[in-house]
Amino acid sequence: MAVKAGEGGEQGKRNTMNRLLAAARVEFARKGLAGARVEEIAREAGVTKQLVYHYYNSKEGLFVAVLDESSDNIMSELVNLNVEELSPPVAMRAVLNHFFDQYRLDPFLGSLALEGIRYHDTHETPRNHFLEMAPKLIAKLDAILLRGAASGDFRAGINPRLLLASASLVTTGWFTNRYSMSALAGLDTDSEQGMATWRQYSADFVLASISLGADRTVDLG
């Protein structure tokens, strides 16, 4: 039975919105913004189409809300990773592996990220959780880099913003550019072997780029 607006008070509204976001996330990941149908999202969430528009004003508004929720979850996990007691190389590898694992463990994240990139390239969007939380993640990486420079593991003066941008591209490109990655690496991006190989290689590659001294770099094959 379709859920009506206001049913169950504030908690009922929150639960309804959570169902809508979950259903919309799958629909947008599978069909993109253009192909997604509000009717299908509403049906899957067990609400009326009118309620979707009541909460989010438009299909585009719902899509932006899905992107914002995904960004919030991704960034919160990374910011809250407990790596402060680990040695700098181990801490950095843990962060890099988490970049990769967030996409590996979520079958919809790669497609949703690609659709989000296309959307942000052509639309002005309000400030969102990704931009709001990015400084915290940059500070976290910077702290690891500074510890690594002090311990002699990493080179000094590495820009944490540039490191974050490049590390994100290297690790998550396996899921957002599957065709090229498969062709160039000679590995199946969907296979366990392919994912394990790139997870290891991408982390090794980034760590080698910031390590101090040739004797401390990893073998890049």
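In this text, all values refer to a predicted model and were calculated from it rather than measured experimentally.

Undergrad: Outline the overall build of the chain, listing residues and values.
TA: Tallying secondary structure elements over the chain gives 10 helices and 0 strands in all. For the chain, the C-alpha atoms occupy an extent of roughly 65 × 35 × 30 Å along the three principal directions. Put simply, the chain has 221 residues, and 42% of those count as buried. Partitioning the intrachain contacts of the chain with sequence separation of at least 6 by distance along the chain shows that 68% fall at a separation of at least 24. Carbon and sulfur atoms form 54% of the exposed surface of the chain, whose accessible area is close to 12100 Å². The averaged location of the 27 negative side-chain charges in the chain is 4 Å from the averaged location of its 23 positive side-chain charges.

Undergrad: Talk me through the nonpolar core; I want residue IDs and the actual numbers.
TA: By size, the foremost hydrophobic cluster in this structure holds 37 residues, and its most contacted members are Met92, Leu96, Phe99, Trp174 and Ile210. Listing elements by their share of this core, those giving two or more residues are helix 4 (59–79), helix 5 (88–104), helix 6 (109–122), helix 7 (129–151), helix 8 (160–176) and helix 10 (192–210). If sequence neighbours within four positions are ignored, Phe99 has contacts with Leu78, Leu137, Leu164, Ala167, Ser168, Thr171 and Thr172. Listed in part, the 24 residues of the second largest apolar core include Leu20, Ala29, Tyr55 and Tyr56.

Undergrad: Lay out the UniProt feature "DNA-binding region" (unreviewed entry) in the chain with the relevant residues and their values.
TA: The sites that carry the UniProt feature "DNA-binding region" (unreviewed entry) are, in the present numbering, residues 37–56. Taken end to end, residues 37–56 comprises 80% helix and 0% strand; its first and last C-alpha atoms sit 14 Å apart.

Undergrad: Can you break down the packing of aromatic side chains residue by residue, with the values?
TA: This structure, assessed with the given rule, holds 8 aromatic pairs. Ring geometry for Tyr55 against Tyr56: centres 6.4 Å apart, planes inclined by 80°, an arrangement best described as edge-to-face. The two residues Tyr55 and Tyr56 agree in class, both being buried. Note on Tyr103 and Phe175: the rings are 5.8 Å apart at their centroids and 25° apart in plane angle, and the pair reads as stacked. With a gap of 72 residues between them, Tyr103 in helix 5 and Phe175 in helix 8 connect regions that are remote in the sequence.

Undergrad: Tell me about the confidence of the model for the chain, and name the residues and values.
TA: Detailed reading of predicted coordinates is not advised where the pLDDT is low. Per-residue confidence for the chain gives a mean pLDDT of 89; residues scoring 70 or more make up 91%. For the chain, helix 6 is the element with the lowest average pLDDT, namely 87, and helix 5 is the one with the highest, namely 97. Scored below 50 in pLDDT, residues 1–6 shows 15 contacts in the model against residues more than four places distant or in partner chains. Taken together, the stretch residues 214–221 has pLDDT below 50 and engages in 11 contacts with residues farther than four places along the chain or on a different chain.

Undergrad: Describe the UniProt feature "domain: HTH tetR-type" (unreviewed entry) in the chain, and please don't skip the residues or the numbers.
TA: As recorded in UniProt, the feature "domain: HTH tetR-type" (unreviewed entry) lies at residues 14–74. In residues 14–74, helix accounts for 89% and strand for 0%; the two terminal C-alpha atoms are 20 Å from one another.

Undergrad: Give me the pattern of salt bridges: which residues, what numbers.
TA: Going through the model one piece at a time under the given rule, you end up with 11 salt bridges. As a salt-bridge pair, Glu39 and Arg37 come within 3.8 Å of each other at their nearest N and O atoms. A relative accessible area of 48% places Arg37 in the partly exposed class. Between Asp204 and Arg93 there is a salt bridge, and its shortest N-O distance comes to 2.7 Å. Remark: Arg93 occurs in helix 5 and Asp204 occurs in helix 10; sequence separation between them is 111 residues. One network of salt bridges, in which partners are shared, links Arg37, Glu39 and Lys49.

Undergrad: Quick rundown of the packing of helix 7 against helix 8? Include the residues and the values.
TA: At a minimum axis distance of 9 Å, the contact between helix 7 and helix 8 shows a crossing angle of 105°. In this view, helix 7 runs roughly perpendicular relative to helix 8, as classed from their interaxial angle. Contacts from Leu137, Ile138, Leu141, Asp142 and Leu145 in helix 7 reach Pro160, Arg161, Leu163 and Leu164 in helix 8. Its residues placed into classes, the contact of helix 7 with helix 8 shows 7 nonpolar, no polar and 2 charged.

Undergrad: A description of unusual backbone geometry should follow, citing residues and the corresponding values.
TA: Even without being a glycine, Asn57 presents a positive backbone phi close to 70°. Mapped onto the elements, Asn57 comes out in the loop between helix 3 (49–56) and helix 4.

Cut-off values and rules
Residues numbered from 1 in each chain as written. Predicted model: local features only at pLDDT ≥ 70, side-chain atom pairs only at ≥ 80, totals over all residues. Heavy atoms only, no water. Helix = DSSP H or I, 4+ residues; strand = E, 2+ residues; numbered from the N terminus. Buried < 20%, exposed > 50% of the residue type's maximum accessible area, 1.4 Å probe, protein only. Contact = heavy atoms within 4.5 Å. Areas by Shrake-Rupley, 256 points an atom, 1.4 Å probe, with all protein chains shown as cover. Lys, Arg positive; Asp, Glu negative; His and termini not counted. Charge placed at Lys NZ, Arg CZ, Asp CG, Glu CD. Core = buried A, V, L, I, M, F, W, Y, C linked by side-chain atoms within 4.5 Å. UniProt positions renumbered as here; feature names shortened; annotations may be inferred. Phe/Tyr/Trp six-rings, centres within 6.5 Å; stacked < 30°, edge-to-face > 60°. pLDDT = per-residue confidence, 0-100. Salt bridge = Lys/Arg side-chain N within 4 Å of Asp/Glu carboxyl O. Axes fitted to C-alpha atoms, helices over the stretch in contact; angles between N-to-C directions. Parallel < 35°, antiparallel > 145°, perpendicular 65-115°, else oblique. Nonpolar A, V, L, I, M, F, W, Y, C, P; charged D, E, K, R; others polar.

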